[in-house]
Every structure is written in structure tokens, then in C-alpha cells.
Amino acid sequence: MIALTINGTRHEVAADPLAPLSDTLREGLGLTGTKEGCNAGDCGACTVLMEGAQVCACLISTAQAEGAEITTVEAQDPLLGRLRQAFLARGAAQCGICTPGMLMASLDLLRRNAAPDRAAVEDALGGVLCRCTGYQQIIEAVLDAARGDIAAPIATEAGAAVGAPLPRVDGAAKVAGTERYGADAAPDGALWLRAVRSPHAHARFTLGDLDAARDRLGLAAILSARDVPGRNAFGIMPDLKDQPVFADGYVRYRGEAVLGLLGTRDAVAAVRDAELPIAWDPQPALHGVAAALAEGAPRLHDHAPDNVLVRGHLRTGDVDAAFATATARAEGNFRTAFVEHAYIEPEAGFAIPGAGGAMTIAACTQAPVMDREEAARVLGVPDEAVRIIPTACGGGFGGKLDVSVQPLLAVAARVTNRPVRMTYARTESMASSTKRHPATLHARMAADAQGRFTAFALEGDFNTGAYASWGPTVANRVPVHASGPYRVPNVWNRTRAVYTNDTPAGAFRGFGVPQAAIATEALVDDLAEALGMDRWEIRRRNAIGKGDITPSGQVLHASAGLPECLDALKPEWDAMLARVAAHNATQRRHRLGAGIACMWYGCGNTALSNPSTMRITLARDGTLTLFNGAVDIGQGSTTVIAQIAADALGLPIDALRQVIGDTALTPDAGKTSASRQTFVSGRAAQDAARALRARILALANAGEAARLALDGARLTIADTHTTRVIDLAALDADLTAEARYDPPTVALDADGQGIPYATYGFAAQIALVRVDTALATVKVEEIVAAQDVGRAVNPLLIAGQIHGGIAQGLGLALMEEFIPGRTENLHDYLIPTAGDMPRIRIHLVEDPEPEGPFGAKGVGEPALVPTAPAILSAIRHATGVRMTEVPVLPHRLHERIGGGEPPPNPLPSLAPGD
Amino acid sequence: MTAYHRPRTLHDALAIRAATGALPLAGGTDIHPLRTARAAWGDPWRPEILDLSAVPGLDGIEESAEGWRIGARTTWTTIAEAPLPPLFDGLRAAAREIGGRQVQNRGTIAGNLVTASPAGDGIPNLLALDAEVELATATGTRRLPVGAFLTGYRATALAAGEIVTALRVPRCDGARGRFAKLGARRYLVISIAMAAGVIRMEGDRIAEARIAVGACSPVARRLPTLEEALIGLHPSEMPRVPQPAHLAPLAPIGDVRATAAYRADAAVVLLRDLLAGFAR
Ligand SMILES: Cc1cc2nc3c(=O)[nH]c(=O)nc-3n(C[C@H](O)[C@H](O)[C@H](O)COP(=O)(O)OP(=O)(O)OC[C@H]3O[C@@H](n4cnc5c(N)ncnc54)[C@H](O)[C@@H]3O)c2cc1C
Ligand code: FES
Ligand code: FES
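Rules used throughout
Residues numbered from 1 in each chain as written. Chains lettered and ligands numbered in written order. Predicted model: local features only at pLDDT ≥ 70, side-chain atom pairs only at ≥ 80, totals over all residues. Heavy atoms only, no water. Helix = DSSP H or I, 4+ residues; strand = E, 2+ residues; numbered from the N terminus. Rg over C-alpha atoms; globule rule 2.2 N^0.38 Å. Buried < 20%, exposed > 50% of the residue type's maximum accessible area, 1.4 Å probe, protein only. Contact = heavy atoms within 4.5 Å. Areas by Shrake-Rupley, 256 points an atom, 1.4 Å probe, with all protein chains shown as cover. Lys, Arg positive; Asp, Glu negative; His and termini not counted. Charge placed at Lys NZ, Arg CZ, Asp CG, Glu CD. Buried area = accessible area lost by both parts, 1.4 Å probe. Salt bridge = Lys/Arg side-chain N within 4 Å of Asp/Glu carboxyl O. Polar contact = N/O pair within 3.5 Å; in protein donor to acceptor, adjacent residues only side chain to side chain. Pairing = 2+ DSSP bridges. Near = heavy atom within 4 Å. UniProt positions renumbered as here; feature names shortened; annotations may be inferred. Domains from an automatic or database assignment. Axes fitted to C-alpha atoms, helices over the stretch in contact; angles between N-to-C directions. Parallel < 35°, antiparallel > 145°, perpendicular 65-115°, else oblique. Left-handed = near helix turned anticlockwise from the far one by under 90°. Arc of directions from axis to C-beta. Expected span 1.5 Å × (residues − 1).

1. Digging into the overall build of chain B
In terms of helices and strands, chain B carries 10 helices and 14 strands. A compact globule built from 280 residues would reach a C-alpha radius of gyration of about 19 Å, and chain B, at 19 Å, matches this within 12%. When the backbone C-alpha atoms are referred to their principal axes, chain B occupies close to 60 × 45 × 30 Å. Per-residue burial over chain B gives 57% buried out of 280 residues. Partitioning the intrachain contacts of chain B with sequence separation of at least 6 by distance along the chain shows that 63% fall at a separation of at least 24. When the accessible surface of chain B is summed, it comes to about 10,300 Å², and 53% of that surface belongs to carbon and sulfur atoms. Between the centroid of the 32 positive side chains of chain B and the centroid of its 27 negative side chains there is a distance of 5 Å.

2. A short note on the overall build of chain A
When helices and strands are tallied, chain A shows 23 helices and 31 strands. Against the globule reference of 29 Å for 914 residues, chain A gives a C-alpha radius of gyration of 27 Å, in line with a compact fold. The dimensions of chain A, computed from C-alpha atoms along their principal axes, are 80 × 75 × 60 Å. The proportion of buried residues among the 914 residues of chain A is 66%. Once local pairs closer than 6 in sequence are excluded, the contacts in chain A between residues at least 24 apart make up 77%. With the model as given, the accessible surface of chain A reaches about 28,700 Å², and the carbon-plus-sulfur share is 50%. For chain A, the distance from the average site of its 82 positive side-chain charges to the average site of its 101 negative ones is 2 Å.

3. Observations regarding the interface of chain A and chain B
Where the parts come together, the accessible area they lose is often given as the size of the interface. Counting from both sides, the interface comprises 75 residues of chain A and, opposite them, 54 residues of chain B. When chain A packs against chain B, close to 5,000 Å² is buried across both sides, 60% of that on carbon and sulfur atoms. Our enumeration of links across chain A and chain B arrives at 5 salt bridges. For the salt bridge of Arg186(B) with Asp123(A), the shortest nitrogen-to-oxygen distance reads 3.9 Å. The interface formed by chain A and chain B includes 24 residue pairs in polar contact (both at pLDDT 80 or more).

4. Here's the deal with the pairing of strand S3 (residues 47-50) of chain A
All names here are of chain A. Burial along S3 is two-sided: the residues Thr47 and Leu49 and Val48 and Met50 are all buried. Bridging between S3 and strand S4 (residues 53-56) involves 4 bridges; their strand directions are antiparallel. Of the residues in S4, the one forming a bridge with valine 48 is valine 55. Turn length for the S3-S4 hairpin, with the two strands adjacent in sequence and antiparallel, is 2 residues, and the turn residue glutamate 51 shows positive phi of about 50 degrees. With 2 bridges joining them, S3 and strand S5 (residues 69-71) adopt antiparallel strand pairing. Residue pairing across strands places methionine 50 opposite isoleucine 70, the latter belonging to S5.

5. Some thoughts on the site of ligand 1
What surrounds ligand 1 is a group of 39 residues, the closest being Pro24(B), Gly27(B), Thr29(B), Thr108(B) and Asp121(B). Neighbouring residues of ligand 1 are distributed over chains A and B. In the model, an oxygen atom of ligand 1 is placed 2.8 Å from a nitrogen or oxygen of the Gly28(B) main chain. Take Val189(B): an N or O atom from its main chain is 3.3 Å from an oxygen atom of ligand 1. For ligand 1, the protein covers 95% of the area, taking 980 Å² as the surface of the free molecule. Elements that contribute at least two residues to the shell around ligand 1 include exactly strand S2 (23-25), helix H2 (31-40), helix H6 (109-115) and strand S10 (163-170) of chain B.

6. Observations regarding the UniProt feature "domain: FAD-binding PCMH-type" (unreviewed entry) in chain B
Under the UniProt annotation, the feature "domain: FAD-binding PCMH-type" (unreviewed entry) is placed at residues 1-174 of chain B. Structurally, residues 1-174 of chain B is divided into 34% helix and 24% strand, and its ends, taken at the C-alpha atoms, are 53 Å apart.

7. Here we look at the domain arrangement of chain A
Each domain of chain A was delimited in the assignment, giving domain 1 (1-153), domain 2 (191-284 + 341-432), domain 3 (288-339 + 440-533) and domain 4 (612-741). Each of domain 1 of chain A and domain 3 of chain A has a C-alpha centre, and these two points are 44 Å apart.

8. Topic: the side chain of Arg252(A)
All names here are of chain A. Take arginine 252: it is sitting in the loop between strand S9 (250-251) and strand S10 (257-263). Here arginine 252 sits buried without a salt bridge, and the closest side chain of opposite charge, glutamate 256, lies 5.0 Å off (N-O distance). There is a polar contact of 2.7 Å between the side chain of arginine 252 and the backbone oxygen of leucine 300. A distance of 2.9 Å separates the side chain of arginine 252 from the side chain of tyrosine 467, its partner in a polar contact. In this structure arginine 252 touches Ala201, Asp242, Leu300, His301, Ala466, Tyr467, Thr500 and Asn501, once residues within four positions along its chain are discounted.

9. Let's talk about the packing of helix H19 (residues 637-649) of chain A against helix H20 (residues 677-700) of chain A
All names here are of chain A. At a minimum axis distance of 8 Å, the contact between H19 and H20 shows a crossing angle of 30 degrees. One element, H19, and the other, H20, form an angle in the roughly parallel class. Here H19 runs over H20; the crossing is right-handed. Counting all contacts with H19, which are made through Ser637, Val640, Ile641, Ile644, Ala645, Ala648 and Leu649, the residues of H20 involved are Gln677, Thr678, Ser681, Gly682, Ala685, Gln686, Ala689, Arg690, Leu692, Arg693 and Ile696.

10. Observations regarding the pattern of salt bridges
Residues and elements named next belong to chain A. Taken as a whole, this structure holds 84 salt bridges over all chains when the rule is applied. Linking aspartate 144 and arginine 90 is a salt bridge whose minimum nitrogen-to-oxygen distance equals 2.6 Å. Here aspartate 144, found in helix H6 (residues 136-147), pairs with arginine 90, found in helix H3 (residues 78-90); they are 54 residues apart in sequence, far enough to count as distant. Given the relative accessible area of 5%, aspartate 144 is considered buried. Across the pair glutamate 816 and arginine 131 runs a salt bridge, and its minimum N-O distance is 2.7 Å. Of this pair, glutamate 816 sits in the loop between helix H21 (795-814) and strand S31 (839-845) while arginine 131 sits in the loop between helix H5 (118-125) and H6, placing them 685 residues apart in sequence. There is no split in this pair, since glutamate 816 and arginine 131 are both buried. When salt bridges that share partners are traced, they join Glu572, Arg579, Arg770, Glu781, Glu782, Arg839 and Arg841 into one network.

11. A closer look at helix H1 (residues 10-20) of chain B
Owing to its 3.6 residues per turn, the α-helix aligns residues three or four sequence positions apart on the same side. Residues and elements named next belong to chain B. The set of residues buried in H1 consists of Ala13, Leu14, Ile16 and Arg17. All buried residues of H1 project into a common sector of 160 degrees when viewed along the axis, lining one side. In this structure, H1 carries His11 and Ala19 as exposed residues pointing more than 90 degrees from its buried face. Buried residues along H1 sit in contact with strand S1 (4-5), S2, strand S3 (49-51), strand S6 (132-137) and S10.

12. Brief notes about the environment of Ile875(A)
Residue and element names in this part refer to chain A. With respect to the secondary-structure elements, isoleucine 875 resides in helix H22 (residues 867-879). The class for isoleucine 875 is buried, based on a relative accessible area of 0%. Linking isoleucine 875 and leucine 129, residues 746 residues apart in sequence, is a C-alpha distance of 26 Å. Excluding anything up to four places from it in sequence, isoleucine 875 contacts Val769, Val778, Leu814, Gly880, Val881, Val888 and Leu893.

13. So, helix H16 (residues 513-531) of chain A
End to end, H16(A) covers 26 Å across 19 residues, agreeing with the expected 27 Å (1.5 Å per residue, within 8%). Phi turns positive one or two residues past the end of H16(A), at Gly532(A), with a value near 65 degrees.

14. Some thoughts on unusual backbone geometry
All names here are of chain A. In this structure, proline 887 follows valine 886 across a cis peptide bond, with omega equal to 0 degrees. Along the chain, proline 887 turns up in the loop between H22 and helix H23 (890-897). Located in the positive-phi region is phenylalanine 511, a residue other than glycine, with phi close to 45 degrees. By secondary structure assignment, the location of phenylalanine 511 is in the loop between strand S20 (490-499) and H16. When its relative accessible area of 3% is taken as the criterion, phenylalanine 511 is described as buried. Non-glycine residue alanine 674 carries a positive phi angle of around 55 degrees.

Below you can see the structure in the form of C-alpha cells.
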């Protein structure tokens, strides 16, 4: 027994003295407010105070905590209380998985330094990673708390929720540390499941006597492909389930699950994989698209003889003729890397078997209904037999659209007929889960003498890794978007998603569009340079707007605010250019550069039905409930959809409670992907709430403009002349309305012509960077973002999405590169920290979308897309180097700046004012 | 369960170390991540542990006529916040750049040294400080220069039964230290390359220069020809001195963080920056 004093209370706990304190807190004492994102000191999610100083609980041996005073997020403390309030008011908790660590690091700071400046806050938070917020709102919250200057909660009246910067409705638990994520709860007596994964990228294998191994190792079971009761296959595409739950004699990537070990936690953890009866026969691996497309490359899947999973295509006009007659032409080859989602919460959950084939699975997810289909197929039961209860989701960004733990848990719980739980280790998560597709792009673009774009062509290969996942989606979305948010009459885009022996690539914020934008925006800069035009000017001249036709032949009838976005940026663009010119006139080593990029992004699936259904019920006891199947992965849909529903109904948002994303209780609101929840599910919620309002008005015989008020079970309907009261308790039944919304699209023909999306988001960003040309390091100093959101339902949450998107775009541009087997942890895979973020200013443009709820459309993905190209544009401005490969790690930029040369005289490091 | 010792005296600690060979554990900021990394690919590791955290006298900084004694278990935060003379400015700068605040609050100077990572930020500073390692066994103590203690890539001269009890830094009156670190992000970043230096002036001329570079060879290295070339110069002349030829003791490699060629170039730039800093 080890005696620990946690938040002033003494506990005795049995634990291995070497076990990390974070583990003992969570598993030994049930104090799950302290999170574990890596167990290696790299993420800071486990930050607690030890003797008042912030430490990573995952690096403290439990024995070392004996006798020390430990403070966790569960503590009651006035200063901590103030921080919680400030975090909530500022929107500093999105998914909330980093919030306990952030709060503790902040508490440590404010106790040491009651009046910190921004730099001191960054220093204090530098060891806690946040993947959602871009840190801005967190830093502001800490400064607010220090000043005691915390915005009062906003009280909204009926009809005033939309447009208000409301704190998230599900935020209290996140700042209290009581939110339950995938690893935070499990049934008593659940067995632990650990997957044994292939260390080889490509291999055949045979299994020996698993039963004997199970007995020897003291396990409850060892699962393999033969234990899968239904089809040993899953995958996103309805007709292509190409990924096995457990590999069957053949693995196609490093990290593929081969066996499942079931037993006590200690027993499964103690197993050495090398002792298991697996005989490996490694095969040469196809790393990268070129290897997979090479003559004679082995075929990785029978259905793809040339290793090409799918081709995408869009063609309009006559590209060749347009290039032949153009005044200016640009061309380039571009390369991007695998990018890891790096949500701070690794995949986790549990499954509980029921009678008659039933199975309940609780896990972090972005797509409960798809999880249900996948689990049911694997179990060989009808969909209805499976219930998915999403836990809170500690970040997703597309990575939790695919199943991870779900089919493994389902099989394990079925085979043993016992509850089973599983939590991925960080490396397991990174090695096995999907990534952003690496792209190899060849693009060309042309313009006439006035700088009007005349043609664009792109050939793009996307490394989809070992399994299809969202490869087809990427291959289809890119051709539609690749020419950028510009009027281009002649376009020819061709893409391929190619199977390799790399980690499967899937969905990641932007579905291939961020990669393509890197190429397109560089070519736009090339054309500006060739024509002697300003980079803002050429974009403004070509910006697609209302009434224009897209390369898919779609007329943009409404909500196309890119011109307004660019206009909003113009004064700051001019100021930035002036600042750069003044600085660079005297500075040779540390150069400033300004860059600009635009983007557009279709909300929802590409030319595919993607409906959402919402139900709202006013019960006889007066409770008003929205049955909302949209899972909130931190982006704020629970809040935004509630704002929409409340205003559509005409009752204050406080009156609304919600049931979120439980497949047994909520109608299908589709996936949290493709920036569709505000637009599609929000619209369904609006329609449902309006229908409920119509029923109420009909009951009261009241007119459209009537005002509603709810007091217990008394519903008051006040019309201009009359006021009626409905006693809900006296009704025969609850009042319920349901609505389904499917954004109108038209299928794409063989040339990619049709109406792929009902609406598009638009954005432009400008970036100011500082390049140390001697070391070739880049610091992004400033980003100004302008984004057309249709209608800003919640400006606070939108700012958070934009900050977070910029942070991920910055990572994509400058530091993120997943290399299987080499950057499989958050030590070697770098994402931006609190000190890497620029100052950010935002202009919201509201060009209402008639299809959207209150004019709103998607926000989540668009913010990321322009960031990387704007940074590259700025690097080029600073150095003259046109980088065509991301991330722009220092050595890559150095090579291009002309590495090896000693710096010119006079020595720049001695230059005045440097 | 494998044993976990947490002795309360140095005597007991040394006796346990001698009897069992248990692995010393200080801040755990290297040991715990290593356990996690091994477990991730099914290689669980639970060594017998000698936890030094309850042993008195192993932490804190003492000054004497001879110089300074930095206890083995002194954390980076303690070093950063200690009232030390400018000689330690480089070590203190490194202390603020190791990991994030959480790691600085736990990670220790001896842990950094014994891990002997080529990218250990403490090590080039200790080389530039001409530090010695104080080692103890149940039967006695010895001292080794840091350069001799580090025997290769993640390898040291730590003998069976031995623990590090302190780092000893000799006086160097009037000298100043500096440190320059290069990484691909602001916080929590392992160095691509780093340079540390100690400079002692006589009048307005360099009388002594000790310069070391890390992350560019299996073990951080002093650069003797560069050091010699600096003697007698005015500080303002120093930045132009470093040349690629001075890097002869180094052997930069390419890895996920950078190419070998970049490391070599960056090392020269870092050295120039480091020396320019002395001139300010
Ligand atoms: C997120 C993160 C970021 C990091 N960033 C950096 C960085 O930027 N720069 C950097 O240099 N390092 C970094 N580190 C590594 C680490 O923090 C340092 O090397 C630290 O100083 C190690 O000290 P420790 O006390 O925690 O070592 P421990 O993990 O306790 O021990 C490390 C090794 O030293 C041995 N040891 C410890 N004390 C003694 C002793 N008294 N006698 C004999 N042997 C001993 C142990 O047996 C072990 O082999 C980072 C680590 C993490 C987790
Ligand atoms: S869990 Fe401790 S730092 Fe990530
Ligand atoms: S809110 Fe910080 S990681 Fe999600």
C-alpha cells in the first residue's frame, strides 16, 4: 500500500511503486480528471501539481508521490475556480481533453506569478499540447483569470441565441474535469484487451498454438482472425470493406492488428510479443506511391490489380487550347507528407455483451451510426442489435470517423461474453490509425494578360496506405476543389488514390483539399509574379462570387463571400507589405515575408446523400429535449445546434436539454465530418424545432409572430392580442416533431459535372513570417483570417475553430511529418505548442446561405486550408524560395536557400538592430 | 513484483546499488518514456529500481573555494532559478529550454548526463564548464571529467555499484557562459543542434575559451582548434572565427529532425551566434 495525499485527502492505494502516478490516480483511485495522452511526458495532459509545482503525472513513479502534496483538477480552490470560469467564458476548452492539464499548468503559474504577461503564460503552458484551440483562447483565459476580469455569463432571451458568443453548453464538465472520455469509465470486472500489432509493413505470418500460449501466459483468451463471428472486414466505403479486424495470415502495414490479448490488465501488459507463436515471413514493402505504381510491384489487394484504389476526374473546357494561348503559365511539382491527427485522446472505449446477440459499445467516435454498421457486420448481427454510446471525444479531426477499438471490442466481448475495455497507447494510436494522405501533385495554371485565370490542370497521386478508408472521398473531392476558389473556365483534374504498405490514410480536416491548395496557391503566386501583379490583386480579380460558375458547372446562387473576405483583408495586406519592405531594407539575415492564400470548401459529402434527422420533444412534464445524434468532438455542434433549435422554436436555450448521439435514443444525424453538422444537422434541428413551433401555434390558434414562454409544464403563447396558456400535463401525449434534411446535390457525371455540394465555405488568410535565413527557421508572427461563414451562429466557437485550423495548418506547413516506424510518438512527431502560434485576427464575413439554418454553413475545415499556402507564400516573399514540399523543416528550407555558404559580410548576426 | 527500493540514506542507496545493481531513478523523465516506448511494441520492461528521490544531500547547489557542487538530483528548475554567476548563464539557459516546465521541475542534471543522449542539452554546457562527475560506491568516491565519463552513444563510465552524487564545476573567475539551441518548434523540442561556450577575458581580450557542440556527434564534443583560434581576440572578432574546419571532431548524422549537411551548416551558424552573444 502506498499512501498518497491528493487534494488534501489521504488515500491508501495498492500499486506498483514504479507505476506512473497518472495511472494510479485514474485506475487506482478513480480520479480520472487527470488525463493520459502519451505516458511519455510529451503532451502534458496528465499535468498535476506536486508540492505546488506542475509535473507530468505520467513521469512520476507512484512511490515518489508518497508524502508529497498532490493537487489535481478535482481540487477545490478559489484560484482554480476562477481559471475554470475564465476557460469556459473564453471558449478555451473545445474537446476538453487538454483542459485539466492546462488548468493545472495555469494554476502553477498564477500561484508563482499573479500578474503574468503573455510570454510568461506561454512559458507556463509550453508543456501542454492542445490540438483544438490553437492556444489563443486558453492564453486569453489565463490572462483574464489573473486580472480577475472574466466575462459574465451571457443570458439569452428567446430568439437571441443565434449570433451570440455563448460559452459551450457542455463546457462545465470539461473545466471541472468530470467529463467522461473513452478511457474514463468502464464496467466493473471488464477484461482488458490489448492488440498485438505487426512490426512489419508487409509480411505473411502463421500462428502457432494460441490455446497453449493463452494458458502459459495466464490470459482469458487470445483472439485472432478465426474468432471474428461475422465478416472479418470493415471500411468506410459501402462496397469496399477491405480492412480486416484481425489480419488473416497477411499484413499490409506496420501497426495492423494480428492478435487480441484478453485478461487482467497486468497479464496483458506483461506479455512480450516476441514470445507469442507468430512466425513472420516479411515481404518487401511498397513505401510511397512510386513504389506501388512501379512496374512489377506486387498487388496488395485483388480488387486493385495496379494498386490504384480509385481515380477522380473533372474536366471542363479545353485546357490545352487555353494553355497554348495564355499570356502567363505556371507549373510545378509538389509533395506533402503523412500528417497525424494527434488528437490528445488516444482511442478508447468498452463493450458490453447482451443477450441474443446484442452489443453495447461506448467509445470516442465521430460517427456512431457508421460504427454500429461496422460492429454489426463484424459480429454478424443486424444493425439494431448494436448500440453505440459515444463517450466524450477528446479530439477527432477526421481520425475518429473510422472505427478503431470498436470492432476489436465487439469481437472480444462476444467471444468471452464479458465486458471488455481497451485504451490505445499513443504509439499504437499513431501507428495504426489513419493519416492525412501524402500527395504528389503536378499542377499547371495559366492566365491572360489581364491576370484572369484561363486554365488549370492537376494530376495528383494520394497515398492511401494499406486500406481504402476515405481514399475515394479524397480522390473525388480534390478534382472539384483543386483549381481554387477562382473563376477558371478550362480545368482538367485527375487524381488517383494508391494502395501502399504505409499506414492507411483516411479523413483529416479538409479531405485532400489542403494538399491541393498548396499547389494551386503557389501557381497563383507564380502567375502574379510573371505578370507583375500584386498577389492580393490577382486573387481578387479572379475570386469566384455570386452568379459565377464552378468547374463542376455549378452556379453559385448565394453565399459566396470570397470577394468580401479579400476586401476585408486589403488594408492589413497593404500594411503587412509595407512592414516587410521597411524591415527587409535594413535586415539581411532575419527576413520578413507576407503571404496570402484563399480557399473554398464544399460542405457535406461530395454529390452523395448525407441526411441528418433531428427530433425535438416538449414533454408533458415541461422538459424540452433535443434528440441530437450529432457527436460534438469539440468543435461545438452541441452548442450551435441548440442555439439554432432554441431560436427556431422560440424558447430560451437554457430551456433545452439534449440527448446526444446514442444510437438507441437519437435519430441518425450522420457523421461529424465534412463541416456538415452546423449546416446539415443544424438545418434538420431548425426544421424540427419549427415544426414543433407550428404544432404549438396550431394548438393555441396563434399567429407566426407569437412569443412562447415555458414555466414548468405551463406553456404560454402570447400573440399580439391574446395570450394562451397550454397545460402540457393535460395533453394526451408529448409534443414531438422530427425533421430530416439532406442537402440538395446532383450526381457528378464522368467529367465531374454536376452539383457536388449544396453550399461552400470561403476564406482567405494573410500571413507574416520571420525567416532566419542563416538557420532557415521560420516563425509565423501574424495571421489575419477572413472567412465567409454564412451566418456566425456562435462567434466565440467560430473563433476557436479558426484558431485551431490555423494551428493545424501551421503544423502542416512547418513541422508535421508522420513516418511509419520513426515518428510514432509525440516526441518525434511535432505539433505546434503554445509558443509557436502567431497573433491571429479574424474578420467574419456573413453572406447568408439560404439552405443553411439562419443562413449558416460549415466552419470547421475551411480555416485550416489557406494557412499552409499562405505561410509558404510568405516564406517565398521573405527568401525568394518557392518551397514545394511540406513540412518546411529547417533543413529543407536551408537546402533551397543555398546551404553551406557562409553568411555574407558584414556578418548578419552583427547587423545593427538584429 | 520486481523490487523498487526507495532508500532514505546515501549509505543504504549505495548498499542496494552494490548488492542488486538496481537502476537508479531520479526524475524519471527519461526512464518512464523509455518504458512506454518499449511497451508500445510489446516489450514490457520493469527493471529493479533504485529510487534516489528520498536520499538526502543529493540535490541543491553549494559554493566553495574550489567551485560549485551541483547535487546529482538538482532539477533544471532549481538550476534556472539559482543565484549563480554568469559562468552558468549557458547551463541556466539550457535549463529553461529542456522540455517544458513539467520536465524542468522533475528532470535532473545527473539524469541528463547518465542518459548520455547526443541531444542532451545539459552535456555541452557541462563540457564547457569543465565539469567533473562525482561518483560514489559503497566503498568510496571518485571523480571523472565529464568528457571521460561519456564514453559513446548513450554510454557512460558509470560502474556497477556506482551512482552519480554530484557535478563539480571549478571556478573560472570573470568567465561567462552561453548556450544556443536549435529545434523545430518553440517548446518541448529535442535539439537539432546546440552549442555551449564559456569565455574568460583578460582585459578586452579572450584569455580562455571552452566551446562544445551537441547533437552533431554520438557524444557532444569540445572544439579545441576553435577554442585556440579565439585566444587573444577582441570579443567583437569572435563571430567570424568559426569555420566548417573547426567541426572536425564532430560527425553529424541525418535523422528525422534534420540532414547531416544541415546539421554541419547549422552548427557553424550556432557557433557564430553563440560567440556574437558574448560580444553584446
Ligand atoms: C517531454 C520531454 C522533453 C524533454 N526534452 C529534453 C530536452 O529538450 N533536452 C534534454 O536534454 N532532455 C530532454 N528530455 C530528457 C530528460 O528530461 C532529461 O534528460 C532529464 O534531465 C533526465 O533526468 P531525470 O532525473 O528525469 O532522469 P531519469 O529518467 O530519472 O534517469 C535517466 C538516466 O539516468 C540515470 N540516473 C539518474 N540519476 C542518476 C544518478 N544520480 N546516478 C546514476 N545514474 C543516474 C538513470 O538510471 C537513467 O539511466 C526530455 C524529456 C521529456 C519527457
Ligand atoms: S500523458 Fe503525461 S505527458 Fe502525455
Ligand atoms: S481542447 Fe485542447 S486538445 Fe481539445
